[in-house]
Amino acid sequence: MGANSSSISELPENEYLQKLSGSEPISENDPFWNQLLSFSFTTPTNSADLKLLEEATISVCKSLVEKNPRTGNLGSLIKVFLSRTKELKISAECQNHLFIWQAHNALFIICCLLKVFISRMSEEELQLHFTYEEKAGPSSYGTECEDLIEELLCCLIQLIVEIPLLYPCQHTDSNWWKWLCSWYRGRYSGGVTSALGYAVRDITYSISLEAVTTLIVFLSCQLFHKEILRESIIHKYLMHGRCLPYTSRLVKTLLYNFIRQERSPPPGTHVFQQQTDGGGLLYGIASGVATGLWTVFTLGGVGSKASAQLEQCSPLASQSLLLLLVLANLTDAPDTPNPYRQAIMSFKNTQDNTAFSSSNPHAFQINFNSLYTALCEQQKSDQATLLLYMLLHQNSNVRTYVLARTDIENLVLPILEILYHVEERNSHHVYMALIILLILTEDDGFNRSIHEVILKNITWYAERVLTEISLGSLLILVVIRTIQYNMTRTRDKYLHTNCLAALANMSAQFRSLHQYAAQRIISLFSLLSKKHNKVLEQATQSLRGSLGSNDSPLPDYAQDLNVIEEVIRMMLEIINSCLTNSLHHNPNLVYALLYKRDLFEQFRTHPSFQDIMQNIDLVISFFSSRLEQAGAELSVERVLEIIKQGAVALPKDRLRKFPELKFKYVEEEQPEEFFIPYVWSLVYNSAVALYWNPRDIQLFTMDSG
């Protein structure tokens, strides 16, 4: 890149990178590192710049891979980074104002190099590159670091969990902070604490983000394997040894990063941005130390407008959530369960004063109210929905808390929107949203309370104007719409099963169903009835045609018919459950049932439905008789009044009792076969400032090249 270069495409020619990847060993004490690490930039965000950075890094990496066994320069770079972070941790006693800046830049370079290394070599080869010693004199870092990978991983975790302590609001009494404020007053006017505070916050935000990103990169070896990694070197480091004691603190910090959704520093306000007078806050200090500064280059920041999406989100929150999902879905070690999953399964509310179980050393406490608020607000993303699923399914403390909330609509409505816009969502996101509903409907209290929550003007529901409707009725409408969409488009039996299971769980507690919800229940049954008749007719015609010819195989209409009859049976059971348990609460459903009573005639004598049809037939006959007695040309209001009166008069003992409809979500065997590719597809598509060549990805099939 040279002293005057500002284009990332010229990185391979940069004299400092050439020296790093060259044939000459570089001592940790060499002034070269101050020169290499004294640059400023805005992290690239758009795909074109990220691809450019990837391509530029590859050429440097190829040279480093070839020459590192002789020079040990990769290890030297990492040791320099580790020494900078040691200075960072003792900042109160240290007046070296460059350590955060240089630590961040060192980590950025390490992350770029690691990403290419990991995509092009096995973990065993990578481990070998960490063992090559530099050949340029004694180490200033010390000999206590026997395993550089473990040391680096542990350091990254420590940065993530400890960097928030460097925010100025928490360190205004430190010697380092006082010294920096004094220096700032001598050169600049204006508010010291606020100006300098934001400056330090900006770079600590950046190094936190870079540490999270580098951990994701370390774990990205999974992307380049078709099979699920069950014995990974990196996994072992994270689940054992020096990293293990940080498990709960890491999970807690990542969760709080997600909860806080703190915006990234706006482009142009970087602590090390070059000033118009030629001497910015720390550029001026740096000039006496680093004599060969890189020229500032900006990508997706100053000089080009960042995307609207990135302006509206927190990169640290997004990246932290992705790392949390990756860690939670690591496979168990042969002798140890995944400690990160254990931490997610067991953390408690800060208001919970009960003792922690001694069997789980990774438990911790977190503010459930803040977590709930963040989960409600962030459900537009796959990863937030997946986190909600994991917490509801695996953490009984979170599940109990969520089900006890009196504002459950704040969580359920975003989930319903995901299902409503099924055409715009990927199938995995829809599955997660649907399973969340299924888990919630396992609770009878939830099923009762949703009918007590009245909503006004649901603007995103386009089929009909809903000026006032209960949350329960809206949930029924959206689930039925999902079933109908699936019947005509995707024909996914798994989706059908879970939709019907959620309706079945709710059916005994249906209360005051909206007339439109009641109509849609019967309309769905009508659609199934027509489909049943169509398949039955096709099967009959196919059988007749086959009598004259034995040349072509018959379509498997029997299997199609069996599937449809299973769904019809479930719908009849749902209707029956409502009539048996809460008929007097649902006059609109009885009205819709009577209005379409002819639909049910063909199933009265069908051997698959005879038993379940008894109650439905009884209700239809009972109310039809009362309507006939009331005379002809009755208004809708009068019919509903007769239904309400009849509901009180109907002898309940005449309705046959059936087992309660209850379905419980259970993960299939080896859930990692689904979740690990899903999580890494989210990382691939959503991670901030990370690009992988799609041709290198082996874990999942790319939707597009």
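Procedures and definitions
Residues numbered from 1 in each chain as written. Predicted model: local features only at pLDDT ≥ 70, side-chain atom pairs only at ≥ 80, totals over all residues. Heavy atoms only, no water. Helix = DSSP H or I, 4+ residues; strand = E, 2+ residues; numbered from the N terminus. Contact = heavy atoms within 4.5 Å. Areas by Shrake-Rupley, 256 points an atom, 1.4 Å probe, with all protein chains shown as cover. Core = buried A, V, L, I, M, F, W, Y, C linked by side-chain atoms within 4.5 Å. Buried < 20%, exposed > 50% of the residue type's maximum accessible area, 1.4 Å probe, protein only. pLDDT = per-residue confidence, 0-100. Axes fitted to C-alpha atoms, helices over the stretch in contact; angles between N-to-C directions. Parallel < 35°, antiparallel > 145°, perpendicular 65-115°, else oblique. Left-handed = near helix turned anticlockwise from the far one by under 90°. Phe/Tyr/Trp six-rings, centres within 6.5 Å; stacked < 30°, edge-to-face > 60°. Lys NZ or Arg CZ within 6 Å of the ring centre and 35° of its normal. Salt bridge = Lys/Arg side-chain N within 4 Å of Asp/Glu carboxyl O. Nonpolar A, V, L, I, M, F, W, Y, C, P; charged D, E, K, R; others polar. Polar contact = N/O pair within 3.5 Å; in protein donor to acceptor, adjacent residues only side chain to side chain. Disulfide = S-S within 2.5 Å. Expected span 1.5 Å × (residues − 1).

**Comments concerning the overall build of the protein chain**
Step number 1: From N to C terminus, the protein chain includes 29 helices and six strands.
Step number 2: The contacts of the protein chain with a sequence gap of at least 6 include a subset with a gap of at least 24, amounting to 76%.
Step number 3: In the structure as shown, the protein chain presents an accessible area of about 30800 Å², 49% of it carried by carbon and sulfur atoms.

**Overview of the nonpolar core**
Step number 1: Judged by nonpolar contacts, the single largest core of 229 residues is most densely connected at Phe81, Leu474 and Phe600.
Step number 2: Residue contacts for Leu474: discarding those within four places in its chain leaves Leu413, Leu416, Leu455, Ile458, Trp460, Tyr461, Leu466 and Ile469.

**Re unusual backbone geometry**
Step number 1: The backbone phi angle of Gln670 is positive, close to 50°, even though this residue is not glycine.
Step number 2: Looking at the secondary structure, you find Gln670 in the loop between α28 (636–649) and α29 (672–686).

**Regarding the confidence of the model for the protein chain**
Step number 1: Summing up the model confidence of the protein chain, the mean pLDDT is 82 and the portion of residues at 70 or higher is 80%.
Step number 2: Confidence drops under pLDDT 50 across residues 92–96; counting only partners more than four residues distant or on other chains, this segment forms ten contacts.

**Brief notes about the environment of Val65**
Step number 1: Among the structural elements, Val65 can be located in helix α3 (residues 47–71).
Step number 2: The class for Val65 is partly exposed, based on a relative accessible area of 29%.
Step number 3: Measuring from C-alpha to C-alpha, the distance between Val65 and Leu113 comes to 9.8 Å, with 48 residues separating the pair along the chain.
Step number 4: Non-local contacts of Val65, meaning those with residues more than four positions away in its chain, are made with Phe117, Met121 and His129.

**A closer look at the packing of helix α25 (residues 557–582) against helix α27 (residues 610–630)**
Step number 1: Interaxial distance between α25 and α27 falls to 9 Å at its minimum, and their mutual angle equals 50°. Between α25 and α27, the angle is such that the two are oblique. In the packing of α25 onto α27, the handedness of the crossing is left-handed. Each of Arg569, Leu572, Glu573, Ile575, Asn576, Leu579 and Thr580 in α25 lies in contact with α27, whose residues at this interface are Asp611, Ile612, Met613, Asn615, Ile616 and Val619.

**Notes on the packing of aromatic side chains**
Step number 1: Inspection of every chain in the model, using the stated rule, returns 20 aromatic pairs.
Step number 2: Ring centres of Phe603 and Phe609 lie 5.3 Å apart, and the angle between their planes is 80°; on these two criteria the pair is classed as edge-to-face. Considered together, Phe603 and Phe609 belong to a single accessibility category, that of buried residues.
Step number 3: Linked through ring pairs, Phe347, Phe364, Phe368, Tyr372 and Tyr401 together constitute an aromatic cluster.
Step number 4: A cation sits over an aromatic face here: Lys348 above Phe356, 4.2 Å from the ring centre.

**Topic: the pattern of salt bridges**
Opposite charge on two side chains permits them to pair, given that their charged atoms come into close proximity.
Step number 1: On inspection of all chains with the given rule, the structure shows 17 salt bridges.
Step number 2: We note a salt bridge from Arg481 to Glu463, for which the minimum N-O separation is 2.7 Å. Of this pair, Arg481 sits in helix α22 (residues 471–488) while Glu463 sits in the loop between β5 (454–456) and β6 (468–470); the two residues are 18 residues apart in sequence, bridging distant segments of the chain.
Step number 3: Assessed through its relative accessible area of 17%, Arg481 is described here as buried.
Step number 4: In this structure Glu463 comes out as partly exposed when scored by relative accessible area, which is 42%.
Step number 5: Taken together, the shared-partner salt bridges connect Arg230, Glu672 and Glu673 into one network.

**Quick notes on the packing of helix α17 (residues 382–394) against α29**
Step number 1: In contact at an axis separation of 10 Å, α17 and α29 are set at 150° when each is read in the N-to-C sense. Taken together, the axes of α17 and α29 are roughly antiparallel relative to one another. Considering how the two elements wind past one another, α17 and α29 form a crossing that is left-handed. Residue-level inspection shows Asp382, Gln383, Leu386 and Tyr389 of α17 in contact with α29, the latter providing Phe675, Tyr678, Val679, Leu682 and Ser686.
Step number 2: Along the lines of polarity and charge, the residues of the contact of α17 with α29 split into six nonpolar, two polar and one charged.

**Some points on the environment of Leu528**
Step number 1: Residue placement: Leu528 occurs in helix α24 (residues 515–546).
Step number 2: Once the C-alpha coordinates of Leu528 and Met487 are considered, the two residues, 41 residues apart in sequence, prove to be 9.2 Å apart.

**Observations regarding the side chain of Ser38**
Step number 1: Looking at the secondary structure, you find Ser38 in the loop between α2 (32–37) and β1 (41–42).
Step number 2: There is a polar contact of 3.2 Å between the side chain of Ser38 and the side chain of Gln102.

**Describing the state of the cysteines**
Step number 1: Per the stated rule, a full pass over the model turns up zero disulfides.
Step number 2: Cys154 supplies the cysteine sulfur nearest to Cys155, a cysteine that is in no disulfide, at a spacing of 7.8 Å.

**A short note on helix α7 (residues 148–162)**
Step number 1: A rise of 1.5 Å per residue sets the reference length of α7, with its 15 residues, at 21 Å; its end C-alpha atoms lie 20 Å apart and thus fit the reference within 8%.
Step number 2: Most of α7 is tucked away, with 14 of its 15 residues classed as buried.

**Some remarks on the environment of Asn397**
Step number 1: Checked against the element boundaries, Asn397 lands in helix α18 (residues 396–404).
Step number 2: Note on Asn397: relative accessible area 26%, which makes it partly exposed.
Step number 3: Along the sequence, Asn397 and Phe347 sit 50 residues apart, while their C-alpha atoms lie 7.5 Å from each other.
Step number 4: Setting aside residues up to four positions removed in sequence, Asn397 forms contacts with Ser346, Phe347, Lys348 and Phe368.
Step number 5: Polar contacts involving the side chain of Asn397 include one to the main-chain carbonyl oxygen of Phe347, which spans 3.2 Å.

**Comments concerning the side chain of Asn447**
Step number 1: Tracing the chain through its elements places Asn447 in helix α21 (residues 444–449).
Step number 2: Excluding anything up to four places from it in sequence, Asn447 contacts Thr441, Asn505, Met506, Gln509 and Lys662.

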